[in-house]
Amino acid sequence: MPIRNLSLLTTTGYSLQPIKDITDELPKNKNYSWKQLCGERVPEQITTIVVHHTGSLKALGADAARHAKNHIEGTSIHVKGEPGLPYHVYCKEGQIYQTNDLLDFVYGVSDNNGYTVHICTEGNFLYDTFTELDRIALYAAILAVKAVLPIVDIKGHNELQAKACPAIDMSRVRSDIKTIEMDIERKQSTLEAQIERCFAVKNQAEFMYNKAKLNDGDGVWARTWLDRVHAIMVEQKLL
């Protein structure tokens, strides 16, 4: 079952456009697809995200389609060229694009492609500035992938091969992602606690309402307390 049409996590608070799945729009090698050349993986195999930069200066204005075309026409890896863009997710100027089925085996890092998903940001960060928008998009992309696959690690290309790519501080990336995930967990726990308290109030209100209908001491007690709650709600303009 393909893993397509990734979605942003709403709990991050990032103000980004929805992820665009452009997999079917990108140039493709007429000789074969990634699946035909390399087969398909199952989600349980995929445990690591690898971060890349394109290595192309931002000023050159390249995009996913141009990079795909270059990989198809290049013969350094395969005599007939690569099937297409060798990244699953591509980020440019804050926009996140899905560019392959996450289960596709692509040529992202030699000898390390069976267990990895590849996320790439446009630019050459040996020279270009890795902007805050670049960082936010990368983090949002990582979290979107982690939401659908059993990811346990995040690596830079340079941590698996002797490369400069992605030319950003990967220790910070891992630390920031961990902090974001902890914050999301805290917010979710807070929400669950609030809902639990609301449920307790609802149950107690129903219990006290039933007591209030009685013409005895319990009825007087329940009516007294519900009158106090009524006064508070009126004061707060909730009634």
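Note that the coordinates shown come from a computational prediction; the quantities given were computed from them, not determined experimentally.

J.: Is there a simple way to think about the nonpolar core in this case?
T.: General note: in soluble globular proteins, nonpolar side chains tend to be found buried as a group. With 34 residues, the main nonpolar core has Ile 96, Ile 119, Leu 138, Ile 142, Val 145 and Val 173 as its most contacted residues. Going through the elements one at a time, strand E2 (48-53), strand E3 (89-92), strand E5 (116-121), helix H3 (132-146) and helix H4 (170-212) are the ones with two or more residues in this core. Counting eight residues, the second largest nonpolar core, distinct from the first, contains Ile 22, Ala 68, Tyr 90 and Cys 120.

J.: So what exactly am I meant to see when it comes to the pairing of E2 here?
T.: Along a regular strand, successive side chains alternate from one face of the sheet to the other. Burial analysis of E2 places six of its six residues in the buried class, which makes it a mostly covered element. Neither face of E2 is open: one carries Thr 48, Val 50 and His 52, the other Ile 49, Val 51 and His 53, and all of them are buried. Both E2 and E5 contribute to a ladder of six bridges, which runs parallel. Bridging across to E5, Val 50 finds its partner in His 118.

J.: It is not clear to me how helix H2 (residues 64-73) should be interpreted in this structure. Could you clarify?
T.: For the α-helix, the turn length of 3.6 residues means that residues three or four positions removed from each other point alike. Inspection of H2 places Ala 64, His 67, Ala 68 and Ile 72 among the buried residues, and these make up the whole buried set. The buried residues of H2 occupy an angular sector of 135° when projected down its axis, which confines them to one face. Close packing links the buried residues of H2 with E3.

Parameters and conventions
Residues numbered from 1 in each chain as written. Predicted model: local features only at pLDDT ≥ 70, side-chain atom pairs only at ≥ 80, totals over all residues. Heavy atoms only, no water. Core = buried A, V, L, I, M, F, W, Y, C linked by side-chain atoms within 4.5 Å. Buried < 20%, exposed > 50% of the residue type's maximum accessible area, 1.4 Å probe, protein only. Helix = DSSP H or I, 4+ residues; strand = E, 2+ residues; numbered from the N terminus. Pairing = 2+ DSSP bridges. Arc of directions from axis to C-beta. Contact = heavy atoms within 4.5 Å.

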